[in-house]
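Okay, here's what each chain looks like letter by letter:
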Amino acid sequence: MRQNPSFAMTDVAEIRRLIARNPWTTLVSATDDGLVASHYAVLLDDEREDLTIVGHVGKPDDAIHGLGERELMVVVQGPHGYVSPGWYGDVAAVPTWNFVSAHLTGVPELLSPEENLRVLDRLVAHFESRREDPRLMWERPNTTEFVERLERGTVGFRLTPTRVAAKRKLSQNKTPEVVETIIAELSGTGPYADPALAAEMRRAHEAMADARRG
């Protein structure tokens, strides 16, 4: 991911927030047969305070990626959306795309079956917790044999990235007036309305304004 200082995101807490809010990721590996990509949910490692993540792949994706043997890039995609040049006013301009994204790269550590079961349990609990009547992994009608059979069809991993590239491109190079117009358009009802991106822009620009005042 091409990086520049204006849009670089280096704060670990902010990248952790991005991962926590956007767990559906793309896993990319370079193999002898070319690039391969898969899509899986990940979680932050609950025993660490850095950018270590845990997850799993279904077999045979572990063999396809050479999981544990070569570098794996995990692409985390946050809010993103189209920005029209018409939102800039009567000036020469072209369209762009605002986004928040991070690339986490490293050689993953393979988990033991016991560790993998714990991660699978966390994943289910994490997403089911929003429901009024959550269905947890170990609850009936699931049986121990059923859960253990599912685990044997997956390979768990822990990735502590050795390289991180994170970018938050949210119109930081525009005037406050233009930023407000963009946020208003994204918050509206037009064809490119995107409330999640508008909220992310609002949060980022308020934080930058607070930093300048502080």
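Quick note: structure is the one above.
Counting starts from 1 at the beginning of each chain's written sequence and moves along it residue by residue. Since the coordinates come from a predicted model, pLDDT governs what is reported: local features require at least 70, and pairs of side-chain atoms require 80 or more to be given and counted, while whole-chain, interface and lining totals use all residues. Side-chain calculation: all heavy atoms of the structure are included, whereas hydrogens and water are not.

A. The pattern of salt bridges, seen in detail. Each reported salt bridge corresponds to a side-chain nitrogen of Lys or Arg within 4 Å of a carboxyl oxygen of Asp or Glu. Tallying each qualifying case throughout the model produces 12 salt bridges. The residue Arg203 makes a salt bridge to Glu14 at a minimum N-O spacing of 2.8 Å. A residue pair is termed long-range when its members are at least 10 positions apart, and Arg203 in helix α6 (residues 195-213) and Glu14 in helix α1 (residues 12-21) qualify at 189 residues. Throughout, exposure labels follow a simple rule: accessible area from a 1.4 Å probe, protein chains only, divided by the maximum for the residue type, with under 20% read as buried, over 50% as exposed, and the rest as partly exposed. Given the relative accessible area of 32%, Arg203 is considered partly exposed. Between Arg118 and Asp46 there is a salt bridge; the shortest N-O distance is 2.7 Å. Residue Arg118 is located in helix α3 (residues 113-128), and its partner Asp46 is located in the loop between β2 (34-44) and β3 (53-58); the two are separated by 72 residues in the primary sequence. In this structure, a network of salt bridges that share partners links the residues Asp45, Glu109, Glu115 and Arg158. Runs of H or I in DSSP of at least four residues are treated as helices and runs of E of at least two as strands, each being numbered from the N terminus.

B. Layout of unusual backbone geometry. The step from Lys59 to Pro60 runs through a cis peptide bond, and the omega angle for that step is 10°. Relative to the helices and strands, Pro60 is located in the loop between β3 and α2 (61-65). Following Arg140, the chain continues to Pro141 via a peptide bond in cis, the omega torsion being 15°. Mapping Pro141 onto the fold places it in the loop between α3 and α4 (144-152). Backbone geometry places Ser171, a non-glycine residue, at a positive phi of 65°. Along the chain, Ser171 falls in the loop between β8 (163-169) and α5 (176-187). Take Ser171: its relative accessible area is 3%, and that puts it in the buried class.

C. Quick peek at the pairing of strand β1 (residues 24-31). Alternating positions in β1 separate cleanly, Thr25, Leu27, Ser29 and Thr31 being buried on one face and Trp24, Thr26, Val28 and Ala30 remaining unburied on the opposite face. Whether two strands pair comes down to DSSP finding at least two bridges between them. In this sheet, β2 lies alongside β1 in antiparallel orientation, the contact comprising eight bridges. Bridge pairing links Thr31 to Gly34 in β2. In this structure, the hairpin formed by β1 and β2 is closed by a connection of two residues. The pairing of β1 with strand β4 (residues 72-83) spans four bridges and is antiparallel.

D. Focus on the nonpolar core. Membership of the largest hydrophobic core comes to 35 residues, with the highest contact counts inside it found for Ile19, Ile53, Val74, Phe157, Ile182 and Met201. Put simply, the parts of the chain that give this core at least two residues each are α1, β2, β3, β4, β5 (96-106), β7 (154-159), α5 and α6. Looking at which element gives the most residues to this core, the answer is α5, with five residues. When checking whether two residues touch, look at their non-hydrogen atoms; a contact exists if any pair is within 4.5 Å. Sequence-distant contacts of Ile53, defined by excluding residues within four places in its chain, comprise Ile19, Val42, Leu43, Leu44, Asp45, Val74, Leu104, Phe157, Arg158 and Leu159. Residues grouped as a nonpolar core are buried Ala, Val, Leu, Ile, Met, Phe, Trp, Tyr and Cys residues, joined through side-chain atoms within 4.5 Å. Counting six residues, the second-largest nonpolar core is a separate cluster that includes Ala41, Leu43, Leu111 and Leu123.

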